[in-house]
Amino acid sequence: MTTTATAPERPTLTTGERRLNRGALIKGPIGFGIVTIGIAVLSLIFARPGISPFVLATRSDFVALPPLALPAIVTGVVLTVALAAATIASIIYAMAGRTTPLWLVVVFAILALGAFLVWASAGADRGIVIPSLLVGAISLSTPLIFGALGGVLSERSGVVNIAIEGQLLGGAFVSAMVASSLSIPLATLFNERDADGALIRDAAGGFIASVIAIMAAGLAGVGVALLLALFGIRYIVDQVIVGVVLNVLVVGITGFLYSELLTENADVLNSPPILHRLPIPLLSQIPIIGPALFNGTFITYLMYLAVPTVWFALTKTRWGLRVRAVGEHPKAADTVGINVTRRRLTTVLIAGAIAGAGGAFFTLGSVGGFTKEVTAGAGFIALAAVIFGRWDPIRATLAALLFGFATYLQYALSSIGSPVPGELMRMLPYLATVLAVAGFVGRSRAPAADGKPYISS
């Protein structure tokens, strides 16, 4: 007697579910179409004649690439056609019942950005220096990526992390104090003095002080995360409200201590050494990408390490599987013996450590000292990157890079006298976030149990 295998029956979808799926599929092509139309309007209707100059190389590169001079109108037309082709490809994917793949989104974004830069720089006397643009973008993106990674970890475990801003700010404050207080003793220990006999903060002793300060910044982030976990997990307080309160609390405490303590003892407590760039031999001399990727500071290289580590831990390990389980279906996780409360607590603390370490960038890698609200809302932009990246470490990193690039682009365009208002450039990251939340780059769905307290029965 023979039996024939039959394919498992697909679950029957309700009319509402089918409409929801269709809506999610067509939002990608709609988003592509809106951007394509916008670029077409700039490139065809409001075309700016002239040459768009771009500088591709620095003096230290292996190969001295010549400047690139593109005819603005012709290049704009070609890129608009390429964007239209990408939009058609997105429509084909939607008609086949598939979402627009990530690689197509990345290619489309690069083409759209190139078309915009060609239009904005048309007729400029000085060209946009592409290596400098990439260096600035990665620099501004570094704390955002740390904050976004912390947000992804926390929310994938089921805890809404509105307190990223407080974790970054706390890390910035503590790192400034620790690095400042340790730099002089370590410089004395290493006998690092200049020709006049003055102690040098930025030598080997200063670097060691900065590394210790980054670890201390991580502990500051853990402290803020512990309060979030205590009230949000242990005492079942609304996690959004707790996050907002913690942000206000950290702003108040750091502002008070800055006024009463740091300003009175600035030389001892608020003069941290600046992290110098550490070029990687040979790699830092690769044209275009070398200065941006391989000539960073210690905290930038730490960010390079954090991104794949978080991705691997969250998606490829048993620990990450359990974290995702308590964030999606805590009751099922509890049934198989996973301690939901403990898992959420430890994950939130790890997330706080990552975000807090990112706060050290503001005082050690950028400003060179702590000031009131030095983070300037970077934590909220990082939270937007988490949503834009659909709670995925790699996607959130790309979103943070986009926000950092858009922020630095305003400075690059203003330096060449572009007619694009700086306010418009500062608005772009938030506009992109609204489009992402609306689903124009694919369905944006938080973990099922995100923000929902769980009490074991």
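Residues numbered from 1 in each chain as written. Predicted model: local features only at pLDDT ≥ 70, side-chain atom pairs only at ≥ 80, totals over all residues. Heavy atoms only, no water.

### Notes on the pairing of strand β1 (residues 51-55)
So, step 1. For β1 and strand β2 (residues 68-71), the ladder comprises four bridges, and the chain directions are antiparallel. In the strand pairing of β2, S52 is matched with L70.
So, step 2. For β1 and strand β3 (residues 128-129), the ladder comprises two bridges, and the chain directions are parallel. Bridge pairing in β3 links V55 to V129. (Pairing = 2+ DSSP bridges. Helix = DSSP H or I, 4+ residues; strand = E, 2+ residues; numbered from the N terminus.)

### Some points on the environment of V222
So, step 1. Of note, V222 is situated in helix α6 (residues 204-234).
So, step 2. With relative accessibility at 23%, the residue V222 sits in the partly exposed group.
So, step 3. Separated by 133 residues in the primary sequence, V222 and A355 have C-alpha atoms spaced 8.7 Å apart.
So, step 4. Among residues more than four places away in sequence, those in contact with V222 are L349, G352 and A353. (Buried < 20%, exposed > 50% of the residue type's maximum accessible area, 1.4 Å probe, protein only. Contact = heavy atoms within 4.5 Å.)

### Some points on the packing of helix α5 (residues 164-189) against helix α13 (residues 340-366)
So, step 1. Where α5 meets α13, the closest approach of the two axes is 6 Å, and the angle between their N-to-C directions is 55°. Taken together, α5 and α13 sit at an angle that is classed as oblique. Considering only the axes of α5 and α13, their crossing is right-handed. For the pair α5 and α13, contact is made by Q167, L168, G171, A172, S175, A176 and A179 and by A351, G352, A355, G356, G358, G359, A360, F362, T363 and L364, respectively. (Axes fitted to C-alpha atoms, helices over the stretch in contact; angles between N-to-C directions. Parallel < 35°, antiparallel > 145°, perpendicular 65-115°, else oblique. Left-handed = near helix turned anticlockwise from the far one by under 90°.)

### Some points on a nonpolar patch on the surface
So, step 1. Together, L102, V106, I110, W311, F312, I394 and L398 make up a nonpolar patch on the protein surface, roughly 580 Å² of accessible area in all.
So, step 2. Those elements that place two or more of their residues in the nonpolar patch are α3 (102-120), α10 (298-316) and α15 (393-415).
So, step 3. For the nonpolar patch, the element with the highest residue contribution is α3, accounting for three residues.
So, step 4. By the element assignment, V106 lies in helix α3.
So, step 5. Judged by relative accessible area, V106 falls into the partly exposed class, the value being 35%. (Patch = residues over 30% accessible without salt bridge, like charges linked within 9 Å, V, L, I, M, F, W, Y side chains within 5 Å. Areas by Shrake-Rupley, 256 points an atom, 1.4 Å probe, with all protein chains shown as cover. Salt bridge = Lys/Arg side-chain N within 4 Å of Asp/Glu carboxyl O.)

### Some details on the packing of helix α4 (residues 130-156) against α13
So, step 1. Close contact between α4 and α13 brings their axes to 7 Å; oriented N to C, the two are set at 170°. Comparing their axes, α13 and α4 come out roughly antiparallel. Seen from α4, the contacting residues are S139, T142, P143, F146, G147, L149, G150, L153 and S154; seen from α13, they are T347, V348, I350, A351, I354, A355, G358, F361 and F362.
So, step 2. Along the lines of polarity and charge, the residues of the contact of α4 with α13 split into 11 nonpolar, seven polar and no charged. (Nonpolar A, V, L, I, M, F, W, Y, C, P; charged D, E, K, R; others polar.)

### A short note on the side chain of T80
So, step 1. Mapping T80 onto the fold places it in helix α2 (residues 72-95).
So, step 2. Its relative accessible area of 10% is what places T80 among the buried residues.
So, step 3. Once residues within four sequence positions are removed from consideration, T80 is found in contact with T36, I39, A40 and S43.

### As for the packing of aromatic side chains
So, step 1. Within the structure shown, the criterion is met by 10 aromatic pairs.
So, step 2. An angle of 65° between the planes, with centres 5.9 Å apart, marks the rings of Y301 and Y304 as edge-to-face. Residue Y301 and its partner Y304 are located together in helix α10, separated by three residues, close to a single helical turn.
So, step 3. Exposure remark for Y301: the relative accessible area of 19% places this residue in the buried category.
So, step 4. Among the aromatic residues, ring-to-ring pairing joins F173, Y258 and F370 into one connected group. (Phe/Tyr/Trp six-rings, centres within 6.5 Å; stacked < 30°, edge-to-face > 60°.)

### Thoughts on the sheet that holds β2
So, step 1. Strand order in the open sheet made by the three strands is β2-β1-β3, with mixed pairing throughout. Each having just a single partner strand, β2 and β3 make up the two edges of the open sheet.
So, step 2. In this fold α2 packs onto β1 and β2, with an angle of close to 80° to the strand it touches most, β2.

### Here's the deal with the confidence of the model for the protein chain
Keep in mind that low pLDDT regions are not for reading the predicted coordinates in detail.
So, step 1. Averaged over all residues, the pLDDT of the protein chain equals 86, while 91% of them reach at least 70.
So, step 2. Looking at the elements of the protein chain, mean pLDDT is at its lowest for helix α16 (residues 422-438), recorded as 67, and at its highest for α10, recorded as 95.
So, step 3. Across residues 1-20, where pLDDT falls below 50, the model places four contacts with residues more than four positions away in sequence or in other chains. (pLDDT = per-residue confidence, 0-100.)

### What about the layout of surface pockets?
So, step 1. There is about 430 Å³ of room inside the second largest pocket.
So, step 2. Lining the second largest pocket are 21 residues, with L140, T375, A376, I381 and T407 positioned closest to its centre.
So, step 3. Only α4, α13, α14 (378-388), α15 and α16 provide two or more residues apiece to the lining of the second largest pocket.
So, step 4. Counting residues per element, the lining of the second largest pocket draws most heavily on α15, at five residues.
So, step 5. Partitioning the lining of the second largest pocket into residue classes produces 14 nonpolar, six polar and one charged. (1 Å grid on protein atoms, 1.4 Å probe; cavity = no way out; pocket = protein on both sides within 12 Å on 5 of 7 lines; lining within 4 Å. Points joined across faces, edges and corners; volume = space filled by probe spheres on them.)

### Observations regarding the nonpolar core
So, step 1. L149, I214, I299, V348, L364, F370 and F403 are the most contacted members of the largest nonpolar core, which has 68 residues in total.
So, step 2. Those elements that place two or more of their residues in this core are α4, α5, α6, α7 (239-262), α10, α13, α14 and α15.
So, step 3. Membership of the second largest hydrophobic core comes to 31 residues, among which are F54, L83, V118 and A120. (Core = buried A, V, L, I, M, F, W, Y, C linked by side-chain atoms within 4.5 Å.)

### Brief notes about empty space enclosed by the protein
So, step 1. The final tally for this structure, using the stated rule, is two cavities of 30 Å³ or more.
So, step 2. Each pocket or cavity is described by its volume, and for the largest cavity that value is around 50 Å³.
So, step 3. Every residue lining the largest cavity is listed: G232, I233, I236, Q239, V340, T341, R344, K452, P453 and Y454.
So, step 4. Counting only elements with at least two residues in the lining of the largest cavity, the list comes to α6 and α13.
So, step 5. With three residues, α13 is the largest single contributor of residues to the lining of the largest cavity.
So, step 6. Of the residues contributing to the lining of the largest cavity, the split by class is five nonpolar, three polar and two charged.
So, step 7. The calculated volume of the second largest cavity comes to roughly 40 Å³.
So, step 8. What lines the second largest cavity is simply S43, A47, R48, A72, I73, G76, A115, V118 and W119.
So, step 9. Among the secondary structure elements, those contributing two or more residues to the lining of the second largest cavity are α2 and α3.
So, step 10. Taken together, the residues of the lining of the second largest cavity break down into six nonpolar, two polar and one charged.

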